[in-house]
Amino acid sequence: MAKTAVITGSAAGLGKGIAERLANDGFNIVLQDINQDTLLKTEEEFKGKGFNVVAFHSDVSKKKEQEELVQFAVAEFGQIDVFVNNAGVDAVSSILEITEDELDKLFHINVYGTLFGIQAAAKQFIKQNSKGKIINACSIAGHESYEVLGTYCATKYSVRSFTQTAAKELAEKGITVNAYCPGVAKTEMWDRIDAAMVELDDSLKPGDAFEQFSSAIKLGRYQEPKDVAALVSFLASPDSDYITGQAILTDGGLVYR
């Protein structure tokens, strides 16, 4: 029987790339996103490729909706085997300009959303009496703090911490918890970061911030969704059964830990 993977924030960007790779690996796919229009387009696109896919529109920052996502996946496919907490948002602010609203938004989505996903998935794995894999979106920003990305970095350090705690507590249940840490990818998120950095620095032109970050990558190119998806594919496979509590960098040679 095919295994089932739930991927949050998978209507576009890295999440979509992860979902497509896992679909090609043979998983049933449950797409989730808060952007309903893009979500439904991706679902239609995936069905056109012959993938066994369903879509669920929800807000990961709401504990109840994360539980409902898992319930939906089980109703559709019988059980879940992999849960990918991919959904996340960014913000660009100098340390003196970080607002309560920015903190609330990023922590609710990036941290609360990840924790609620861990809880909902783990409880379902235990209910099923099965092993399971939880895979979280961390970042190079969970290993290194960057100027004007203070809140984003703080949330990703939190994700890394919850990954380690969950791995330790859930190991006896046969549940592994790991994280993937992307670097600089040409995604809508990085387009927003670039634009915001231009607003903060008059000396920058559009594209300059992205170029500055990506030019430091030792392998000589910015990241593509397939690079991240390859790591998640490994973490979702039996080949990673002896790995837990890790936040693995996949950045082409940018941050070294």
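The sections below set out a description of the structure shown in this document. Every value quoted in this text rests on a predicted model; they were computed, and no experiment measured them. (Residues numbered from 1 in each chain as written. Predicted model: local features only at pLDDT ≥ 70, side-chain atom pairs only at ≥ 80, totals over all residues. Heavy atoms only, no water.)

Regarding the sheet that holds strand β5 (residues 132–137)
Rules: Criterion used throughout: strands pair if DSSP finds at least two bridges between them. Think of it this way: any DSSP run of H or I at least four residues long counts as a helix, any run of E at least two long counts as a strand, and we number them from the N terminus. Where helices are involved, their axes are fitted lines through C-alpha atoms of the stretch in contact, as for all axes, and angles between N-to-C directions lie from 0 to 180°. Here, residues are in contact when the closest pair of their heavy atoms is within 4.5 Å.
Across the sheet, seven strands lie side by side as β3-β2-β1-β4-β5-β6-β7; this open sheet has parallel pairing. Looking at strand neighbours, the two that pair on one side only are β3 (53–57) and β7 (247–250), the edges of this open sheet. Neighbour-to-neighbour, the strand axes of this sheet turn through a mean angle of 20 degrees, independent of strand direction. By the bridge criterion, four bridges tie strand β6 (residues 175–182) to β7 in an arrangement that is parallel. From the neighbouring strand, P182 faces β7, where its bridge partner is T250. Relative to β3, helix α3 (residues 63–77) is tilted by about 155 degrees, and along the sheet it contacts β1 (4–7), β2 (28–33), β3 and β4 (82–85). Sitting on the sheet, helix α8 (residues 225–235) is in contact with β4, β5, β6 and β7, with an inclination near 170 degrees to β6.

Re unusual backbone geometry
With glycine set apart, most residues show a phi of negative sign, and most peptide bonds adopt trans. Although it is not a glycine, N129 sits at a positive phi angle of roughly 60 degrees. As for its position among the elements, N129 is in the loop between α4 (100–128) and β5.

Looking at helix α1 (residues 13–24)
Counted only if it meets this: Between the first and last residue of a helix there are one fewer steps than residues, each counted as 1.5 Å, and that sum is the expected span.
With 12 residues, α1 extends 17 Å between its outermost C-alpha atoms, agreeing within 8% with the 16 Å of an ideal straight helix rising 1.5 Å per residue. Among the structural elements, β1, β2, α2 (36–48), β4, β6 and α8 are those in contact with the buried residues of α1. At the exit of α1 stands G26, carrying a positive phi of roughly 105 degrees.

Focus on the pairing of β2
Applied cut-off: Only protein chains enter the accessibility calculation, which uses a 1.4 Å probe. A residue is then buried if its area is under 20% of the maximum for its type, exposed if over 50%, and partly exposed in between. Call a crossover right-handed when, viewed with both strands pointing away from you, the route from the first strand across the helix to the second goes clockwise.
Most of β2 sits out of view: six of its six residues are buried. Every second residue of β2 is oriented toward a common face, with N28, V30 and Q32 on one face and I29, L31 and D33 on the other, all of them buried. As defined by bridge partners, β1 adjoins β2 across four bridges and the pair is classed as parallel. The residue bridging A5 from the neighbouring strand is I29, located in β2. Handedness of the crossover is the feature at issue here: the chain leaves β1, passes through α1, returns alongside β2, and the resulting connection is right-handed. Where β2 and β3 come together, five bridges link them in parallel fashion. By the bridge assignment for β3, D33 is matched with H57. Once the chain exits β2 it traverses α2 before rejoining the sheet at β3, and the crossover so formed is right-handed.

Description of the environment of G113
Within the secondary structure, G113 sits in helix α4. Judged by relative accessible area, G113 falls into the buried class, the value being 2%. The spacing of G113 and L96 is 17 residues in sequence and 26 Å in space, taken between C-alpha atoms.

Some words on the nonpolar core
Here is the rule: The term nonpolar core refers to a set of buried residues drawn from Ala, Val, Leu, Ile, Met, Phe, Trp, Tyr and Cys, joined through side-chain atoms within 4.5 Å.
In this structure, L22, I29 and Y180 are the most contacted members of the largest nonpolar core, which totals 28 residues. Every element with two or more residues in this core is listed here: β1, α1, β2, α2, β3, β4, β5 and α8. Other than its neighbours up to four places away in sequence, L22 contacts A5, I7, F27, I29, V84, V232, S233 and A236. Among the nonpolar cores identified, the runner-up in size contains 25 residues, and A141, I193, L204 and A209 belong to it.

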